[in-house]
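Tertiary structure, described
Chain by chain, the residues run as shown.
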Amino acid sequence: MVHFHLNPSLWAVLLAFTSLQPCSADKRVDLIVRPDGGNVSSPIMYGLMHEDINNSGDGGIYAELIRNRAFQSGDESRYPVTLDGWSAVNGAKLSLKKLSQPLSAALPYSMNVAVPSSSNKTVGFANAGYWGMDVKVQKYTGSFYVKGAYQGKSFTASLQSALTGEVFGTTKVPVQKAGNDWVKYDFNLVPEKAAPNSNNTFAITFDAAGVRGGSLDFNLISLFPPTYKNRPNGLRVDIMEALAALKPKFLRFPGGNMLEGNTLPTWWKWNETIGDLKNRPGRAGVWGYPLSAGLGLVEYMQWCEDLNLEPILAVWSGLALDGGELPESRIDEAVQSALDELEFLTGDASTHWGGIRASILGHTRPWKIRYVEIGNEDWLGGGSTGFENYKKYRFPAFFKAFQEKYPEIQLIASPSVFDGMTIPKPAGGDYHPYLTPDNMVSSFNKFDSLTRDNLTLIGEAASTHPNGGIGWSGNLMPFPWWGGSVGEAIFLLGLERNGDKVIGATYAPGLRNLNRWQWAMTQIQHAADPALTTLSTSYYLLGTTAITKTLPVTATTGGIGPLYYVAGETERGSSVFKAAVYNSTEPVAVSVQFAGLATATLTVLTGPTNPYEYNDPWKHNNVVKETKTKLNAKEGGIFSFTLPQLSVAVLETDGE
């Protein structure tokens, strides 16, 4: 992925939405859907992908409200440890300390809070969160560690307005003991009043007169709102609900570039993301900010559990984003790490890593892993040798090890056949199309020529820049837009036609914090204020009616383009016809025959007159219009309807 900005002059120079020649010949399309034949499709056709880009993890779906809660870096040459997000209260002096007795080896830095001399005030510190905090009348769960001699009776935790200072909620946290050991404090905080906006802070204060030695040290200061399914260290409710409504079938994680790391030492070390938060060192993110590692391997698996998702686990292949890669003499290190990770997830308690999962983390039941991807975009990285070495020794080493230890797992190479890799059976590949809408439409039949031996995951995909743009150097859109989304829908229809050759497909990236991002085109946008959680135009497409078996379609009038289509059966047992219209000069009259069926529901998505319009978080608009119509079939099971230009439609019958 690359960083881009919108050129404001784009709309002025684009005279037409598409550079393809408009289609007007097929004003009418008559189709017959055969009840027999077709192919069994992938059971996980549509899913999700996540890496921490755009503050989509920390400051996004990971529900932690405190920014820079444990003063982590992962690579101090890239991310010096700072007090970012913290401010003093009532004259306290804040500084970073690297104590001889840190909270843990993983968290060597802590925040020293020095009190003013001879002060009788209540002093402390505040945190601004990830560009604010949403405050409602609900239970917040918090904790912090403190070290130092304190003879006061309590600490005070509070939520207040950053603008007016109005306190919405406060709680006293009784002191457990005095001394120089680290002590953990847990508390619950229920505000008495909801805040009118998200411009709020969290503070911890204490009696300055009770401090002996002039200062106290704090670390791992945490505050969570209610989380999805009430998971400790869990995920944000509104974002998870939005994802659940998509009815996804898989989650590809942890990336994405995040998996690889900027340098060889900073790849996503899975074993540093498990266990107690105080034992997670965090890591150097690859998108311009350090990561807390609070959203770790176990949390990803719980995400899969809570949404009933098939994990597609990506394991490090020995390549870093700066081009560094493990030599052939050391590739076994990466292979062994992957095998250890699989043992941690799937091994019983008698195995080394399965025992750690069961005894230390308390998860006695092993997880199921059916899909493992080796690396991420290895066709792209490593300079002139990275891809060649992936084909020469890195992927073969993983392939051999997994065939021996886990032959039942579907392996996926991070390149695809479209990237120039011959992938050994039974492994699949991963294809990442970031295209114009025209090129998405042109890819409708891209998978027709593949065989079932060319099994492919579409692990990332999106319309990212407009027709006639100048590519990755600029002229990319600020949000998904309706015309681009229709192009994506047609690409997905092409995938569903070839569902026996496709593992699954996902939009990427999925999430973007509106306050800091590196990749504007995302399915969902969010901020501290849940009112800004916005479903993009690409959210409203085809995933909720995934086809489990295709059905042959014969055209008696017309053909493919400007109407693109597929038919099949759904997991509900219904028959379904899915279509989209692109680049038509007028509406297309459609008739679809499902012999023996009498009623159906037609759902049509249409957009604005200007195809470049998008769902704007600050306008709270939705440019996508959904229309549902009950249809009765004519004699012979023929359903007739008309679809306008740039529309997406699903006709689902009421019987099998």
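Residues numbered from 1 in each chain as written. Predicted model: local features only at pLDDT ≥ 70, side-chain atom pairs only at ≥ 80, totals over all residues. Heavy atoms only, no water.

For the chain, the name recorded in an unreviewed UniProt entry is non-reducing end alpha-L-arabinofuranosidase, with Neurospora crassa as its organism. According to its UniProt record, the chain has this under Pathway (unreviewed entry): "Glycan metabolism; L-arabinan degradation." (UniProt positions renumbered as here; feature names shortened; annotations may be inferred.)

**Describing the overall build of the chain**
Looking only at helices and strands, one finds nine helices and 33 strands in the chain. Taking 26 Å as the expected radius of gyration for a compact globule of 656 residues, we find that the chain reaches 27 Å, a close match to that expectation. With the principal axes as the frame, the chain shows a C-alpha extent of 90 × 60 × 45 Å. Within the span of the chain, comprising 656 residues, buried residues form 61% of the whole. Between the averaged position of the 54 positive side-chain charges in the chain and that of its 61 negative side-chain charges there is a distance of 5 Å. (Helix = DSSP H or I, 4+ residues; strand = E, 2+ residues; numbered from the N terminus. Rg over C-alpha atoms; globule rule 2.2 N^0.38 Å. Buried < 20%, exposed > 50% of the residue type's maximum accessible area, 1.4 Å probe, protein only. Lys, Arg positive; Asp, Glu negative; His and termini not counted. Charge placed at Lys NZ, Arg CZ, Asp CG, Glu CD.)

**Concerning the sheet that holds strand 28 (residues 575-581)**
The strand order across the open sheet built from six strands is 25-27-28-33-30-31, with neighbouring strands paired in antiparallel fashion. What marks the edges here is a single partner per strand, and that holds for strand 25 (547-550) and strand 31 (625-632). Neighbour-to-neighbour, the strand axes of the sheet open up by a mean angle of 30°, direction not taken into account. Summarising the sheet, strand 27 (residues 563-570) and strand 28 pair through seven bridges and their orientation is antiparallel. From the neighbouring strand, Gly568 faces strand 28, where its bridge partner is Val576. (Pairing = 2+ DSSP bridges. Axes fitted to C-alpha atoms, helices over the stretch in contact; angles between N-to-C directions.)

**Section: helix 7 (residues 386-405)**
The largest bend in helix 7 amounts to roughly 35° and is located at Lys392, with the proline Pro396 lying one to four residues further along. On its buried face, helix 7 sits against strand 14 (310-315), helix 5 (331-346), strand 15 (371-374) and strand 16 (410-413). (Bend = angle between axes of the 7 residues up to and from the residue. Contact = heavy atoms within 4.5 Å.)

**Structural notes on the side chain of Glu341**
Within the secondary structure, Glu341 is located in helix 5. One buried charged side chain, Glu341, makes no salt bridge at all; its nearest oppositely charged neighbour is Arg283, positioned 11 Å away. (Salt bridge = Lys/Arg side-chain N within 4 Å of Asp/Glu carboxyl O.)

**So, the UniProt feature "domain: Alpha-L-arabinofuranosidase C-terminal" (unreviewed entry) in the chain**
On the UniProt side, "domain: Alpha-L-arabinofuranosidase C-terminal" (unreviewed entry) is annotated at positions that read residues 481-647 here. Taken end to end, residues 481-647 is 10% helix and 40% strand, and its first and last C-alpha atoms sit 13 Å apart.

**Describing the pairing of strand 7 (residues 140-150)**
Where burial is concerned, most of strand 7 is hidden: nine out of the 11 residues are buried. As paired strands, strand 7 and strand 12 (residues 211-224) are joined by eight bridges and run antiparallel to one another. Bridge pairing links Tyr145 to Asn219 in strand 12.

**Quick word on the pattern of salt bridges**
Under the counting rule described, the total for this entry stands at 28 salt bridges. Asp453 is the salt-bridge partner of Lys425, the closest N and O atoms lying 3.9 Å from each other. Here Asp453 lies in the loop between helix 8 (437-442) and strand 19 (456-458) and Lys425 lies in the loop between strand 16 and strand 17 (429-430), a separation of 28 residues in the sequence. Take Lys425: its relative accessible area is 56%, and that puts it in the exposed class. Overall, Asp453 belongs to the partly exposed group, its relative accessible area being 41%. In this structure, the salt-bridge partner of Asp500 is Arg452, at a minimum N-O distance of 2.7 Å. Of this pair, Asp500 sits in the loop between helix 9 (482-497) and strand 21 (502-505) while Arg452 sits in the loop between helix 8 and strand 19, placing them 48 residues apart in sequence. Overall, the relative accessible area of 15% leaves Asp500 in the buried class. The class for Arg452 is exposed, based on a relative accessible area of 55%.

**Here's the deal with the domain arrangement of the chain**
Note: interface size is frequently given as the accessible area lost on complex formation between the parts. In terms of domains, the chain is made up of domain 1 (27-39 + 548-653), domain 2 (47-63 + 228-432 + 508-545) and domain 3 (86-224). Distance from the C-alpha centre of domain 1 to the C-alpha centre of domain 3: 57 Å. (Domains from an automatic or database assignment.)

**Some thoughts on the sheet that holds strand 1 (residues 28-33)**
As summarised here, the arrangement of the four strands in space is 26-1-29-32, forming an open sheet in which the pairing is mixed. Lying at the two open borders of the sheet, with one neighbouring strand each, are strand 26 (553-557) and strand 32 (638-643). Between one strand axis and the next, the sheet turns through 25° on average, direction left out of account.

**Concerning the nonpolar core**
Nonpolar side chains tend to gather and get buried jointly when the protein is soluble and globular. In terms of nonpolar packing, the biggest core is built from 94 residues, with Leu243, Trp303 and Phe402 touching the most fellow members. Broken down by element, the residue count for this core peaks at nine residues, all from helix 7. Two domains each put at least three residues into this core: domain 2 (47-63 + 228-432 + 508-545) and domain 3 (86-224). Among the nonpolar cores identified, the runner-up in size contains 38 residues, and Ala195, Phe202, Phe206 and Ile221 belong to it. (Core = buried A, V, L, I, M, F, W, Y, C linked by side-chain atoms within 4.5 Å.)

**Observations regarding the environment of Ala320**
Along the polypeptide, Ala320 turns up in the loop between strand 14 and helix 5. It is 9.9 Å that separates the C-alpha atoms of Ala320 and Gly375, two residues lying 55 residues apart in sequence. The residues touching Ala320, leaving out its near neighbours within four places in the chain, are Glu260, Gly261, Asn262, Thr263 and Leu264.

**Remarks on the packing of helix 4 (residues 297-307) against helix 5**
Packing of helix 4 against helix 5 leaves a shortest axis separation of 12 Å and a crossing angle of 50°. Our classification of the angle between helix 4 and helix 5 gives oblique. Relative to helix 5, the crossing made by helix 4 is right-handed. Within the contact between the two elements, helix 4 uses Leu297, Val298 and Met301 and helix 5 uses Glu341, Phe344 and Leu345. Looking at the contact of helix 4 with helix 5 residue by residue, the class counts come to five nonpolar, no polar and one charged. (Parallel < 35°, antiparallel > 145°, perpendicular 65-115°, else oblique. Left-handed = near helix turned anticlockwise from the far one by under 90°. Nonpolar A, V, L, I, M, F, W, Y, C, P; charged D, E, K, R; others polar.)

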